[in-house]
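Read off the chains here:
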Amino acid sequence: MRSRSKNSSDGVSKSGKAVDQEKIRNVVTAKRSGYTVVALFILIVHGIWAVHRYQFEILPDPLTAQQVGKRGFSEEEAMKHVEELTQLGPHPVGSDNLELGLQYVLEAAENIKKTAHWEVDVEVDLFHVSSGANILVGGLFKGKTLVYSDLKHVVLRISPKYVSEATDSAILVSSHIDTVYSAEGAGDCSSCVAVMLELARGISHWAHGFKNSVIFLFNTGEEEGLNGAHSFITQHPWSSTIRMAIDLEAMGIGGTSAIFQAGPHPWAIENYALVAKYPSAQILAQDLFTSGVVKSATDFQVYKEVAGLSGLDFAYADNTAVYHTKNDKLKLLKPGSLQHLGENMLAFLLHTAASSELAKGKAMAVNEKTDAAIYFDILGTYMIVFRQRLANMLYNSVIMQSIMIWATSLVMGGPPAAITLSLSFLSIILMWIFSLLFSTTIAFILPLISSSPVPFVSTPWLIIGLFASPAFLGALTGQHIGYLILKSYISRVFSKKMENLSPVVRSNRAKLEAERSLYKSGLLQWLILLIVGHYFKVGSSYVALVWLASPAFAYGLLEATLSSARAPKALKTITLIFGLFVPFLISGGMFIRLAGTLAGMVVRLDRNPGGSPEWLGSVTVAVYISAVICLTLVYILSYIHISGAKKLIAIASFIVCGLSLIVVIAGIIPPFTDDVSRAVNVVHVVEASGRNGEHKEPNSYISLFSTTPGKLTKEIEHIDEGFVCGREKITDFVTFTTSYSCWAENDSVQGWTENDIPTINVETDSKTDERITQVTIDTKLSTRWTLAISNKIEDFRLKDAENGEELIQIGTKSTSDGWHSIQYSGGKNAPKRFGLTLYWVKNHTQVTGNDDHGLLLRLRTDVDRLTPKVKRVLEKLPSWCSLFGKSTSPYTLAFLSNLPVDF
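Residues numbered from 1 in each chain as written. Predicted model: local features only at pLDDT ≥ 70, side-chain atom pairs only at ≥ 80, totals over all residues. Heavy atoms only, no water.

## Considering the pattern of salt bridges
Right, so step 1: A full pass over the atoms with the stated rule returns 32 salt bridges.
Right, so step 2: Across the pair glutamate 198 and arginine 201 runs a salt bridge, and its minimum N-O distance is 2.8 Å. Note that glutamate 198 and arginine 201 are positioned in helix 6 (residues 186-203) at a spacing of three residues, about one turn of the helix. Just as glutamate 198 is buried, arginine 201 falls in that class too.
Right, so step 3: Residues lysine 334 and aspartate 318 are paired through a salt bridge, measuring 2.6 Å at the closest nitrogen-oxygen approach. Here lysine 334 is found in the loop between strand 9 (311-316) and helix 11 (337-353), whereas its partner aspartate 318 is found in the loop between strand 9 and helix 11, with 16 residues between them in sequence.
Right, so step 4: Look at lysine 334 and you get partly exposed, because its relative accessible area is 36%.
Right, so step 5: One connected set of salt bridges, linked through shared partners, spans Glu721, Asp747, Lys869, Arg872 and Lys876. (Salt bridge = Lys/Arg side-chain N within 4 Å of Asp/Glu carboxyl O. Helix = DSSP H or I, 4+ residues; strand = E, 2+ residues; numbered from the N terminus. Buried < 20%, exposed > 50% of the residue type's maximum accessible area, 1.4 Å probe, protein only.)

## Focus: the side chain of serine 337
Right, so step 1: As for its position among the elements, serine 337 is in helix 11.
Right, so step 2: Looking at serine 337, its side chain comes within polar contact range of the main-chain nitrogen of glycine 255, at 2.8 Å.
Right, so step 3: With residues near it in sequence (within four places) discarded, serine 337 still touches Leu59, Glu75, Gly254, Gly255 and Tyr316. (Polar contact = N/O pair within 3.5 Å; in protein donor to acceptor, adjacent residues only side chain to side chain. Contact = heavy atoms within 4.5 Å.)

## Some points on empty space enclosed by the protein
Right, so step 1: Enumeration over the complete set of coordinates arrives at four cavities of 30 Å³ or more.
Right, so step 2: Approximately 120 Å³ is the volume attributed to the largest cavity.
Right, so step 3: Surrounding the largest cavity, 16 residues form its lining, Asp606, Gly610, Pro709, Gly710 and Tyr740 being those nearest its centre.
Right, so step 4: Residues belonging to the lining of the largest cavity are distributed by class as follows: six nonpolar, five polar and five charged.
Right, so step 5: Its volume calculated, the second largest cavity comes out at about 90 Å³.
Right, so step 6: Lining the second largest cavity are Val93, Gly94, Ser95, Leu98, Glu99, Leu102, Asp150, Leu151, Lys152, Thr220, Gly827 and Lys828.
Right, so step 7: With three residues, the top contributor of residues to the lining of the second largest cavity is helix 5 (residues 96-115).
Right, so step 8: Here the lining of the second largest cavity is composed, by residue class, of four nonpolar, four polar and four charged. (1 Å grid on protein atoms, 1.4 Å probe; cavity = no way out; pocket = protein on both sides within 12 Å on 5 of 7 lines; lining within 4 Å. Points joined across faces, edges and corners; volume = space filled by probe spheres on them. Nonpolar A, V, L, I, M, F, W, Y, C, P; charged D, E, K, R; others polar.)

Written as structure tokens, this is what we have:
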């Protein structure tokens, strides 16, 4: 925009004659080139993509053993371990394959011992744990007692041979060998085991210079409720020497292995930041994980909650849709994934194991209000770590300065400034409303027009057309409405204050002032988020700080003035580029990463199949996309309203969304593929007692259900085994309930006998004021079962009926939805007969809270067996489907029994 000459500052010449209107229009026109806006938008989109690619997709080159020598980390060598373990197929607890996996890891550990440096002591222990009970307070385990028996772990300790005190202070590196029954576990977590074996080989040639020992724990039982970590921490003699715990995990397959939990003490993350070659860590992931948004848990919870340890939790998170399915396979493991984690871990362990600063106590004391670490990486190359104390000072300073600046501008501007601020904030509200409205409308439509309500799972980039385009169009529409309201008000103010100006000049000034107010409203939005995040001590509040401070600094440096006499000008392009460079550099890639992670997680969204609306997964993704667009593009949106690019951008957004919908309707891109499957379960169910516990002949049927939203019509047509789908048959699997499923009763009497059915027998029952009931449970074939106990029972104890060993002692038991659950998992030699003592609540007839008031106990036993009918169904299962396993999922044969209250 051209500068104005002095003699035309008020629209009237010195001689008093009116200036030609066309000249005035040229002098004060509020117009920005549409090409400039389009170029800015393209620059931002490509910039964000480049940040994401550099930060999360570019991996180091895999190295060979010859390249790294004895002391380095070689992905080529580590991949040999992954290949051996995945060739076993699924190896869950209690399986023959797991025994083979343990034997392989044990032999690899013994080879490390043989080839270690002569001044390094390598100890290998095959640890056979005793039975135990794991009662965790938080996360997924509220209201549960996790019981285990007959587990084995391989434990390897590396220490300097001639520094005897090194064994008194150890760093634990842990992961699990076992998999769920539905996956071969290339990602979760054979890749982690392989990295640990290669790390141990390299460290065995370095450890003679250590001041601390390093313990590698290859545990089993993690997939059944973190039992491996708990049994090691509570039973192994070396556990008392551990000062820091490092857990390696996967919730996808390959890619960058990032820290998603750290602490409570910041020492570990601070030292990791000092030495990691390819640092990858985001406290935002920790905030989401600990808040319960991500329904999962890792061994790190045991190390913190039970052992009181600090440390780090790593996870692979590429392609989260394959988690715990058949597609967690070797061919999808990206080259460079193991090299990335291995080199980071090797540098970290060499640094910390040689440090004299490792805590000497059992735990590292920390004041989380001031000493907790705030951490994030930049482009996977640099890492920023600072403590909450510094964060408090930064946040308080920025918040106070922001409030002072806003207050000053309101005082100087008077009531019009306050109204302008209110209307600019109204534009923010309208932006959010329309963005959410447009994107969620598409999400609600998808189940009606697509074969799957989540058609973007196999192709996450489809989210751009389905949700990002309408969300952006909605944000632009909402903000433009706010802009028109704001411009109208400012025009009225100017018409009173600047009567000597031409209407054209006043109109253009109003447009420019409205544009600036919209830009500043983006600052206000982030200020509010910073205040809220700081108040609740949210670790990722630094994101709000960056998105507030950088654009505000750019505006203050290049645009702002406290002089009300200065005529407004169009915002400079350099202001936007300068202001958004740092925010997008720090968080742009992370926002894309979270979108992909969220898209993959909808595969297992419906924890109670059929219990959630079909549109929930798409709506969740749509809301996230809208939130990101409203938060991050608010500044560039303010540049569009006076440009000629409004229609072009709106039409382009509409076309992209329309084409995406056409692709979905036509089925050009399938929602699921051979490599990204829909999660299903096929279970031969034998109900040994009817509803409310009445005894009847066993009822047998095959149940097919899915944790992925959507009907199973297409799947049963492909299988063609007489399945009927609907909501009429509700199956209570104790840990969850299927509200929608498909079932077939024909040919379901084969593959099991009545002798396989577990029994629940009441031995004694003292019906006094302090009522106690003795029950015997025989699980017959099963060493994996779940028992739900009604809240009419105040306390209970569980014993091994064969040898009298007490598995669960009397003590405070929490409940969830009116039930306390015992989740049991054991090896082949685990007991199968148990004595259960129930201590009733006084006045138990008045106790309410669970849904089935008629039942006292609900039991499900699992058997890893393929009955003839299930085998046929699995053979015909579409290639786009995969069995899905987790600690609460039944195996392919499940027996359901219960005991009524009035037995």
